Amino acid sequence: MALPFNSLTNVGLRSSPERASIARAGGSVGRAQLLSIAKQKDRGRMRLSNFKSLMALLFAFALVAAACSGDDAASDDGTEEETTTTEAVEESDDAMEEEDDAMEEEDDAMEEEDGAMADLSGTTVTISGPENSERDIAAIQGALDVYAAANDMTITYSGSRSFSDDIGVQAEAGTASDLAIFPQPGKVADFARDGFLVQVPDATVSAANANWSPDWTGFGSVDGDVFAVPSKADLKSLVWYQPARFEANGYEVPETWDDFKALADVMIEDGNTPLCVGIESGGATGWAFTDWMEDLMLRFHGVDVYDQWVNHDIPFNDPRVVEVMQEILDLWNTEGMVFASGGSIATTPFAENAEPLVDGTCMMHRQANFFAGNFPEGTPANDGSEGAVNAFYFPTVDGTKPLLVAGTLVSSFRDAPEVWAVMEYMTSAEYANERQAIQAADAAGTSGFLSAVNGWDAGNLNDLEASFLDIFAGAESSRFDASDLMPAAVGSGSFWTEGTAAVNGDKTAQEAADAIEASWPSN
Amino acid sequence: MSVLETIGRFVVTLLLAGVFGLVVRTFAQRFVGVQDSSLAQSVREVRSRVGLGGTEALAERDATLDLDYGTRNLVADGIGIVATVFGFFYLLGGRTSSFLNSPESSKFASTLWAVILAVTVSAVLFVGTNILFNQASKNYTLFKTLIGAVIGFVTFGLLDGNRLIQWVQGRETVADGLHGLVNNGSFTLLIFSVLIGAVIFAFYGYSYGTPRDEPRRYATIAAAVGGTMGALWGLFYAERIPVDTAITIIWTPLLGAILVGALGFALSKLNQPVRLAVGAAAGAGIGAILGGFLFRSVTPRMEVPKFLIATALLAAVGVGINYIRGKNLITGAISGALIGWIIGAFVLTGVGGPRSEAIGACLVAGALAGARFGAGELPTQTQRTNIENRSRGPIFLAPAMFFLSVGLVIPLIRTFYLSFTDTVRREGVRGRFTEFVGLENYDRIFSNPSSFDIGDWTNFENGTIPSLFTSAPFALGLTMVLVAAGMAFLAGRRSGASASGSSLLVPGLGIFALLAALFQFRLIRSSGSESAQGDIVDAVSTPLWRYAYLLLFLAAGLGLLYAAFTNMAFAGKSGGAATAAKPFSFDLAGGHGGVFAFGLFLAITAFFASFRGTIFNSLWWVFTVTIVSTVLGLGIAALADRASLENVAKSIIFMPLAISFVGAAIIWRFMFIARPDGRPQTGVLNYLWLKVGDFAMSDWNWLGALALLGVVAGFLMISYAGYTRANSGMVGGGIAMALPILWLAWRLFDGRLGGVGATAGDRTLFFFSTDLPYNQLWLMLILIWIQTGFAMVIFSAAIKAVPSEFIEAARVDGATDSNIFWRIIVPQIIPTIGVVTTTLIVTVLKVFDIVRVMTNGNFESQVIANEMFVQAFSNREVGLGSALAIVLFISVVPVVFVNVRRLQHEG
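Here's a quick rundown of the structure. Here the residue numbers are simple positions, counted from 1 along each chain's written sequence. The order in which chains are written sets their letters, starting at A; the order in which ligands are written sets their numbers, starting at 1. For a predicted model such as this one, the threshold for reporting local features is a pLDDT of at least 70, and the threshold for listing and counting side-chain atom pairs is 80 or more; totals across whole chains, interfaces and linings nevertheless cover every residue. Based on all heavy atoms of the structure, the side-chain values leave hydrogens and waters out of the count.

Remarks on the nonpolar core
Worth spelling out the cut-off: Side-chain atoms within 4.5 Å are what join buried Ala, Val, Leu, Ile, Met, Phe, Trp, Tyr and Cys residues into a set we call a nonpolar core. Burial here depends on accessible area, computed with a 1.4 Å probe over protein chains only, as a share of the maximum for the residue type. Under 20% is buried, over 50% is exposed, and the range in between is partly exposed. Only DSSP runs of H or I covering at least 4 residues are called helices, and only runs of E covering at least 2 are called strands; the numbering of each starts at the N terminus. Should any heavy atoms of two residues lie within 4.5 Å, those residues are considered in contact.
The biggest cluster of nonpolar side chains holds 89 residues, and the ones touching the most others in it are W240, W309, F316, W332 and M364 of chain A. Broken down by element, the residue count for this core peaks at twelve residues, all from helix α11 (residues 287-310) of chain A. Once residues within four sequence positions are removed from consideration, W332 of chain A is found in contact with L275, V277, I279, F289, W292, M337, V338, I345 and V503 of chain A. If you look at the next biggest cluster of nonpolar residues, it comprises 83 residues, including V595, A736, L845 and V895 of chain B.

Laid out in structure tokens, this is it:
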């Protein structure tokens, strides 16, 4: 391609002063209409030479085009080869056909898949989601690029802080991305019932079922039909701390909620700040508070009440709910209890609490496993070294060990083979491996990514991450994040805003709970 | 990417774009008929060499060209330049899968590309329509053909775009066939397009100069259309726009354009009675094709009585209208019948009829439309000129009307409708259904405590008093109002004049002061109850202050009421003529009027702060931002007028207007940000706040307080000087400045100003966006920062437009600067003040971005516009969101109405 490229450049350079002269001539005519005919003839001659150079340019252009299309022809050959192999498969299918009808169906499915794979080249799939830290975006895009490169397609991921608002607007406007990564099953159900989402085809569903336990795949089914498949799992019942610092101060990891509060009091007496808390998160401000609520609801009142609470079988301003909210507010409002790098809890993004935790400004931080993604690069995890971070299980109240989990589900706004292919990839162990590898390398430590997909490569995990998987495995009962299951008007609406108002002291726990109850949609 | 490579890409891109622009310009030159373009010259030369002849026709043709020479050249240049820029960003933008693709530039470029595309399309439409109507008098055939083509293009395009018609059933197969043709990637397509261009060139050259009616001219046009279609096809294929979409976008409308264009062409050549027959027949044909393409879901089920009645009825209406207008009755009947038929066949009846009925329905509609097209004689030259002349106004207004209807009227009607509905789900069905719920959404807005929260005023049982009566702004404001009222009383006794409206204002103030006194009494009685507000806003936390305020409010209330009572009694007895005899007159004209207004502003701000809720918040925004921006803008414009460095100062103040609301909010976030004491303060304002606090806590704070007291004394001296000179402006201004500074001095002396705390790491921070109740003022500050520049620029222009004769005459008569401002400039620019105020009110009511970025409605700072967004899109309560939008709209309407009325009045 180099030769015509250069020749084109030369031709182009030669032509540019002449082009300018044309512009000048035209402009002068525009200014004065009294030019003599003789002058016009001069200009005519000049333009004739111009016409010649124009033709030369066109010719050069055509040459370049021809040279480049040569490349295309080469790739065409490749496509033909592929076609031949497909035919070969078909032939062998034919042979099998005689043997067994059941087999034939399976082969047809395979054939379709092959056809779909062949079709992927040149296609584009867009994905949007809420994960927006640089590290997350790089890892997601990186993992997707692997698949895209293998299939000669383009996949783009865009993460946004305001995803949960944007996707509603985009869905209404018909401009949603092909795939959307929802952190809220409640929202998936809303969108599915409203007819925005496309039902996941059986082939993709069975691929997801093969990879994930029924608990997880169940989150994506709405009224018996599957609209989303899981792609990532998060463990929320964790408290981050630094073992070395605990040891130095003689603190023990608390087993129960009372121990936890007693430990916090001891820390305050020692002149340490026990907790880092921050609930600011742009349009989603307040969600970190709802996580505390959910963890304590599970611990104070058990999974049954939790389920009733989620399903609105008990009102949101039930005394038991208000009690839990009050418990948290009392804890946070204790003098000297909380450090918030934004000055107040309501103005501190949770991610900004990573640094104070590492430098010892505060001792503990309750946050999900993905909090690890915010630690400064190279922070060691659970290796006994100075400055290493670790996480302990959020203490129980009565000895039962419920687990609060969350995750992301992938759902589709477009029905196309390439979309389903990418969805299937995102729910697979390969995707988890790729993402974990990239993200762990980027973080030079704990990646912040976690998955519950079967058969992903444990070699990519460090000790801390492996311990998370142990917690997953050892959980007595696990429940999905309640706010993510509630209707959007509550779960990503009033629960967040009223919770923030209560945290900021603008409302009492009772007032906030009343307001949330009032906002629960009637249908 | 290396720098060299970047530059290389840039240069190559520029050159390619230049080539593209050159080609386009040459075409454009020919199209607009420039004499002696290089192409024309060369073509002429080539033709004469190969002996094709036809050069004589050139002269004839050039004589009939409609645009003058210079204009045509300019147009050609313009198109060429646009094409160059267009091509540049097209290639730069990585929209072609070429070696020029650079990811860094693509976002930037695609934005510019879209802008240029939009501007170009608009310009081309506008210029093109004008040129098209120019042809009405000059070349009727061309005019009629093009009009037909446009009508066909738009009609078919709209129908297809709305999925009402479909291309032939197996259009994917057709598309696949074409796919195969151009299946070798975009560069083959480039060749394809270039070859097509070359073909057009060749045809053009072949037919150039041939007489108008020779078939090969039309063959040329057909070839050009075909070539363009091919090129567009190539373009869309290169863009990888789905084949379906490409077909919808290009082929169907083009089919319509060709069919109807041909009809127009035929009609322009024929005369009655053939004209009518051909029109009807061809229209029927086109209708039949449309009917054949009609989507199955919209094929009408013909119900004979309904559509016959509708047709007959509207035909009669058409006849009636044309009878009144004095026009041809038959054309009226045809138009009416056409509309009636369409209503009868497609609106009144059900869908799902057989294909034959669809074809039949469309056939008749098409025949009627064609007959309407073909009715009447060929227009005479005069009539054709009339068509051209009459078209100018509508063409000029068309874009405005289009955007008005598309952007305002239609959405408004729809929103209005949606505000009475709720989206519900139905058991077992996916999708959302709108259900009419009447006024429920409005009821939800107005009964929701988060819209109106007056809890602070109704919460008596706890023994608290409304926070208004303990807040510093209120105390300060009321004090200023009372001082100013006293001065107005003094001034009134001197001048005997009475400010209009004082008969209501004075007793109202008196009652309010008494109420305040009552609450102060209650506060003293329930001593020990904590004030709901923070230290910064709580002025009356000490008993001394409480008693002082009790006495002040009591005295002021009684005094004002007494004054008002006697005033009214006199007015009642002696009637309007005896105003001079009033013993208690209030003259607010003068500087103490400013104090009065400022005090009132502070008190009302405090009043707003005692409420919560979306609607109150919006009202508060309107009140504060409008007043402050207007006053600041006017003040700056007046003070900067003819001052040195006026332009520099005004430019700086104007600059924030160029920043988007979101950008401004982000900037101010960094100003407002707070970090825990002991960590580096990254927020500018909190840094200063802590520094002030350090000073207040230091041993030298009395020095600062003393300095401030000196300033207070200075202002009081100004006041006194004003008193001796009977200049109420100086009196009022002095007091207005002295009072707040006195308060600051007291806080400083008391060690309570700024960020103070017991220990160094425990100083109080200022949480601008989260500390109730004045957090919203800091959000409003952002909008004021932006809008002051706007007000200033408008006022500045208005002030400069005040005739200097007036000002000079006033100066000769001995008027002071403030006299000139208040008595000459302000009355002259009253209309401008009205415009600025109303514009600001509308802007402020719509404020959304700032709240969204700063607090997202948290911390009791929700406003209607953000609530609307949250409800409609986050919670997807479209009905409720629409109702909020309508509330917003209705609150804007009176303002706009007043504005329009005044404009009419002035006109």
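Regarding the sheet that holds strand β9 (residues 338-339) of chain A
Operational definition: When DSSP locates at least two bridges between a pair of strands, those strands are taken to pair.
With respect to topology, five strands assemble into an open sheet ordered β9-β8-β10-β7-β11 (chain A), the strand pairing being mixed. Each end of this open sheet is capped by a strand with a single partner; those strands are β9 and β11 (390-393) of chain A.

Thoughts on the pairing of strand β2 (residues 154-159) of chain A
Inspection of the sheet shows strand β1 (residues 124-129) of chain A paired to β2 of chain A by six bridges, in the parallel sense. Residue V125 of chain A lies in a different strand from β2 of chain A, and its bridge partner there is I155 of chain A.

Considering the state of the cysteines
Residues and elements named next belong to chain A. So the rule is basically this: Disulfide: a pair of cysteine sulfur atoms within 2.5 Å of each other.
One pass over the structure, following the stated rule, counts one disulfide over all chains. Two residues share a disulfide in this structure: C276 and C362, whose sulfurs sit 1.9 Å from each other. The chirality of the disulfide connecting C276 with C362 is left-handed, given an S-S dihedral of about -100 degrees. Of this pair, C276 sits in strand β8 (residues 273-276) while C362 is found in strand β10 (residues 362-366), placing the two residues 86 residues apart along the sequence. Classification of C276 as buried rests on a relative accessible area of 1%. C362 gets classed as buried once you look at its relative accessible area, which sits at 1%.

Brief notes about the pairing of strand β7 (residues 238-241) of chain A
All names here are of chain A. The side-chain alternation of β7 yields two buried faces, one formed by L238 and W240 and the other by V239 and Y241. Pairing between β7 and β11: four bridges, direction antiparallel. Each bridged residue has a counterpart across the sheet, and for W240 the counterpart in β11 is A391. Note: β7 against β10, three bridges, orientation antiparallel. Considered in β10, the bridge of W240 is made with H365.

Overview of the pattern of salt bridges
Residue and element names in this part refer to chain A. The test is simple: Salt bridge criterion: a side-chain nitrogen from Lys or Arg within 4 Å of a carboxyl oxygen from Asp or Glu.
Applying the stated rule across the entire model yields 26 salt bridges over all chains. Across the pair R414 and D178 runs a salt bridge, and its minimum N-O distance is 2.9 Å. Taken as a pair, R414 in the loop between β12 (402-412) and α14 (417-426) and D178 in the loop between α5 (163-173) and β3 (179-182) lie far apart in primary sequence, 236 residues in all. For D178, a relative accessible area of 10% gives the class buried.

A short note on helix α33 (residues 864-874) of chain B
Most of α33 of chain B is tucked away, with nine of its eleven residues classed as buried. Taken together, the buried positions of α33 of chain B are I864, A865, N866, E867, F869, V870, Q871, A872 and S874 of chain B.

What to know about unusual backbone geometry
Even without a glycine there, the phi angle at H312 of chain A is positive, about 65 degrees. One can find H312 of chain A in the loop between α11 and α12 (319-333). Within the chain, F859 of chain B stands out as a residue other than glycine whose phi angle is a positive 60 degrees. Locating F859 of chain B in the fold gives a position in the loop between α32 (849-854) and α33.

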